[in-house]
Amino acid sequence: MPGPEGWIFRIDAPLRLFHPRRMVSGSGVSRVAGVSPPRTSSGIGVCGHEQDASPAGPGVFPTPDRPVAPIPFLYVAYFFHDRAMRPRGLAPRLATEGLRPILLCASNSEGTGPPPVPPAGFAGVLVAVPEPLRNTLRSLGRTVRSLGSTFRRGLGATRDREPVAGLGQQDAPTQDVVEELLAVPDRHALWIPGAVVAGLRAVRRHRCRVIFASGGPPSVLVVGWLVARLTRLPLVCEFRDLWVDNPFVAYRFGSRRRLDRSLERRILRRARHVVTVTEPMAEQLRETHPGLSPGRIHVIPNGFDPGLLERSAGYDRPRDDAAKAGVGDKGRSRPACLTYTGELYGRRSPYRLLEALTRLRREHGGTPPVILRLVGRIDERFRAAVARASEDGIAEASGTCTAERSFAEMMEADFLLLLIEQGAGARGVMTSKIFPYLAIGRPILATVPPDGVAGALVRELRAGLVADPDDVEAIVSALRRLLAGDVPLSTLEERAERLRSFSWPALAARLGHLLREAAGESGPTARAGEP
């Protein structure tokens, strides 16, 4: 189906199996016995429409009369909608690094989220694969959770619940029991078979020379690993979040943790290069997997579109800007707006912040000086607390929106909220939204681990205040300072030089170097020690 830039190639018909032992790769030729090329002229064949967004066409390799040609590679990323900032930031810019992405992602066939749309400048092919029975399984999971909650309430059980002042008893941030027992490696497991077959077809058709799997979810890493094993191509895997040591995931069963660790170990053993987004994440992988040589682990952080700096400087802000003269003045016509863009899920909870806002409201005689505006999906566990806060006038939720609307919400805010809960590995989390926040220039309230990489960057650039996410008094104190205008901030011009190293073009150059190096070493031999 056509998109605004390029085309989407959607797998939506029965898929025939490959014979991996008949596949030869590494010489610029791939052939799979028993699988005929898909018919693309009428859309009646095995696959849907496919058309390249680049003029070079599929499977173009250097020849004496054509010395320059992009290197095709399979880029596996589950999400590629307009809020998937990292893959959409890197994929279009890899063309300038001599690479041509064949991007394999999930489609929106079930109507559960925004569809994948090629971004401007994307010079590759987009292959969208549906996830079968996704809505059915999600409904089943909600039913099981509801029955479990009813059973626990009947027994009067309070285990796995977290009391929060003023908000009642809330579910603890643990994986659902049924999901942990059955969904391996995660809730997107049913996407893996179709994605693997589609990936094999894409490798054969476009003569890909390297596999790049950017997870999470972990299902992406499994897909990349299986395709790499079956094609015997080099694998580069990226951990945007940790898998087993993810601070936002808590295991109930040791056996499931050991299973995930075994899968993680096999994938890392196969990978030619491993990419993380922060140095603490790289340190965690080195500590957990001492067999990984230091030269195979690389840190390429999250980034931002450098055009945000120019857009921020010229943005006509419609909100009342009386706050700049003293947000805490009693004559203000409206409360200050503290905006959070992103999802609330797992351990990324709003409980402490809502408690701090409730205290500020009482201090101001029942009139809230700050309203928390939530822009993005809110997990079911937090919706009741957010609804109560909305009734009290201290919060409002706008739901999910487009990336363009999210940018407008950031620009219209008085303050921006960065939220990373405490936990094992949390100090190494550098959420991708921090860079648009920094580029936009609004004061940031960072409720993050004080010794973490996110808090260090906010302090280094003098972009706002850092408060321990578990310390309500520290959050209240930070809000008071923001309201009083008692926060020395750097200008966008002062930040620009430091932020330049986090721009997508600069990061794409670093990733492109790794992929070209891996592609140059591609061949039909597997890594030594691969099981």
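Report follows, based on the coordinates. (Residues numbered from 1 in each chain as written. Predicted model: local features only at pLDDT ≥ 70, side-chain atom pairs only at ≥ 80, totals over all residues. Heavy atoms only, no water.)

1. What about the overall build of the chain?
The helix and strand tally for the chain stands at 16 helices and 16 strands. Across the 531 residues in the chain, those meeting the buried criterion constitute 53%. A fraction of 74% describes how many contacts in the chain between residues 6 or more apart in sequence connect residues 24 or more apart. Per element, the accessible surface of the chain, about 22,700 Å² overall, is 54% carbon and sulfur. (Helix = DSSP H or I, 4+ residues; strand = E, 2+ residues; numbered from the N terminus. Buried < 20%, exposed > 50% of the residue type's maximum accessible area, 1.4 Å probe, protein only. Contact = heavy atoms within 4.5 Å. Areas by Shrake-Rupley, 256 points an atom, 1.4 Å probe, with all protein chains shown as cover.)

2. Looking at unusual backbone geometry
That bond from Val-184 to Pro-185 is cis: its omega, 5 degrees, falls within 30 degrees of zero. Among the structural elements, Pro-185 can be located in the loop between helix H3 (177-182) and helix H4 (191-206). Residue Gly-216 is joined to Pro-217 through a cis peptide bond whose omega torsion reads 10 degrees. With respect to the element layout, Pro-217 can be found in the loop between strand S7 (211-215) and helix H5 (218-231). Despite not being glycine, Arg-207 shows a phi value in the positive range, around 55 degrees. Mapped onto the fold, Arg-207 is located in the loop between H4 and S7. We classify Arg-207 as partly exposed; its relative accessible area is 34%. Phi at Arg-462 takes a positive value of approximately 50 degrees, unusual for a residue other than glycine. Residue position: Arg-462 is located in the loop between helix H13 (453-460) and strand S16 (464-467).

3. A look at a nonpolar patch on the surface
On the surface, a cluster of nonpolar side chains totalling about 370 Å² of accessible area is made up of Val-177, Leu-181, Leu-182 and Phe-253. Structurally, Leu-181 is set in helix H3. (Patch = residues over 30% accessible without salt bridge, like charges linked within 9 Å, V, L, I, M, F, W, Y side chains within 5 Å. Salt bridge = Lys/Arg side-chain N within 4 Å of Asp/Glu carboxyl O.)

4. Concerning helix H14 (residues 472-484)
Taking 1.5 Å of rise per residue, 13 residues should cover 18 Å, and H14 covers 18 Å from first to last C-alpha, within 8% of that figure. Burial in H14 covers these residues: Val-472, Ile-475, Val-476, Ala-478, Leu-479, Leu-482 and Leu-483. Each buried residue of H14 sits inside an arc of 165 degrees when the element is viewed along its axis, so together they form one side. The N-terminus of H14 is capped by Asp-471, whose side-chain oxygen sits 3.1 Å from the backbone nitrogen of Glu-473. Just past H14, the residue Gly-485 takes up positive phi, approximately 75 degrees. (Expected span 1.5 Å × (residues − 1). Arc of directions from axis to C-beta. Polar contact = N/O pair within 3.5 Å; in protein donor to acceptor, adjacent residues only side chain to side chain.)

5. Here's the deal with the pattern of salt bridges
According to the stated counting rule, one finds 23 salt bridges in the structure shown. In this structure, Asp-245 engages Arg-257 in a salt bridge whose closest nitrogen and oxygen atoms are separated by 3.4 Å. One end of the pair, Asp-245, is in the loop between strand S8 (235-239) and helix H6 (254-270); the other, Arg-257, is in helix H6, and 12 residues separate them in sequence. Residue Asp-245 is classed as buried on the basis of its relative accessible area of 14%. Through salt bridges with shared partners, a single ionic network connects Arg-373, Glu-396, Arg-405, Glu-409 and Glu-412.

6. Considerations on the environment of Val-249
In this structure, Val-249 sits in the loop between S8 and H6. As a C-alpha pair, Val-249 and Gly-346 span 97 residues in sequence and 6.8 Å in three-dimensional space.

7. Looking at the pairing of strand S3 (residues 99-106)
Counting buried residues along S3, eight of its eight residues qualify, which places the element largely inside the surrounding structure. The two faces of S3 match: Leu-99, Pro-101, Leu-103 and Cys-105 on one face and Arg-100, Ile-102, Leu-104 and Ala-106 on the other face are all buried. Taken together, the six bridges between strand S2 (residues 71-76) and S3 define a ladder with parallel strand orientation. Residue Tyr-75 lies in a different strand from S3, and its bridge partner there is Leu-103. A crossover connection joins S2 to the parallel S3 through helix H1 (residues 85-90); in handedness this β-α-β unit is right-handed. (Pairing = 2+ DSSP bridges. Right-handed = clockwise from strand over helix to strand, strands pointing away.)

8. Observations concerning the side chain of Glu-421
Inspection of the secondary structure assignment puts Glu-421 in the loop between strand S14 (415-419) and helix H12 (434-440). The contact partners of Glu-421, leaving out residues within four places of it in the chain, are Phe-248, Arg-347, Arg-348, Ser-349, Ala-426, Pro-449, Pro-469 and Asp-470.

9. Examining the nonpolar core
In this structure, Leu-338, Leu-372, Leu-418, Ile-434 and Leu-438 are the most contacted members of the largest nonpolar core, which totals 66 residues. The element best represented in this core is H14, accounting for seven residues. If we skip the residues at most four places from it in the chain, Leu-338 touches Leu-353, Val-370, Ile-371, Leu-372, Arg-373, Phe-415, Leu-416, Leu-417, Leu-445 and Leu-479. The next biggest cluster of nonpolar side chains, apart from the first, holds 46 residues, and it includes Val-125, Ala-198, Val-244 and Leu-268. (Core = buried A, V, L, I, M, F, W, Y, C linked by side-chain atoms within 4.5 Å.)

10. Remarks on the sheet that holds strand S12 (residues 370-375)
Across the sheet, six strands lie side by side as S13-S12-S11-S14-S15-S16; this open sheet has parallel pairing. Either end of the sheet is taken by a strand with one partner, and the two such strands are strand S13 (395-397) and S16. Each neighbouring strand pair of the sheet contributes to a mean axis angle of 25 degrees, computed without reference to strand direction. As paired elements, strand S11 (residues 336-341) and S14 share two bridges and run parallel to each other. Paired with Leu-338 across the bridge in S14 is Phe-415. Sheet strands in contact with helix H9 (residues 351-363) are S11, S12, S13, S14 and strand S15 (444-447), and its direction is about 155 degrees off that of S12. (Axes fitted to C-alpha atoms, helices over the stretch in contact; angles between N-to-C directions.)

11. Some details on helix H10 (residues 380-391)
The first and last C-alpha atoms of H10 sit 17 Å apart over 12 residues, in line with the 16 Å expected at 1.5 Å per residue. The complete set of buried residues in H10 reads Arg-381, Phe-382, Ala-385, Val-386 and Ala-389. Along the axis of H10, the buried residues cluster in a sector spanning 100 degrees; they form a single face. Count one or two residues on from H10 and you reach Gly-393, which has phi positive near 85 degrees.

12. Re the pairing of S7
With respect to burial, S7 is a largely interior element, five of its five residues being buried. Taking every second residue as pointing to the same face, both faces of S7 are buried, with Ile-211, Ala-213 and Gly-215 on one and Phe-212 and Ser-214 on the other. As judged from the five bridges shared by S7 and S8, these two strands associate in the parallel manner. Residue pairing for S8: Ser-214 is matched across the bridge by Glu-238.

By themselves, these figures tell us nothing about what the structure is for.
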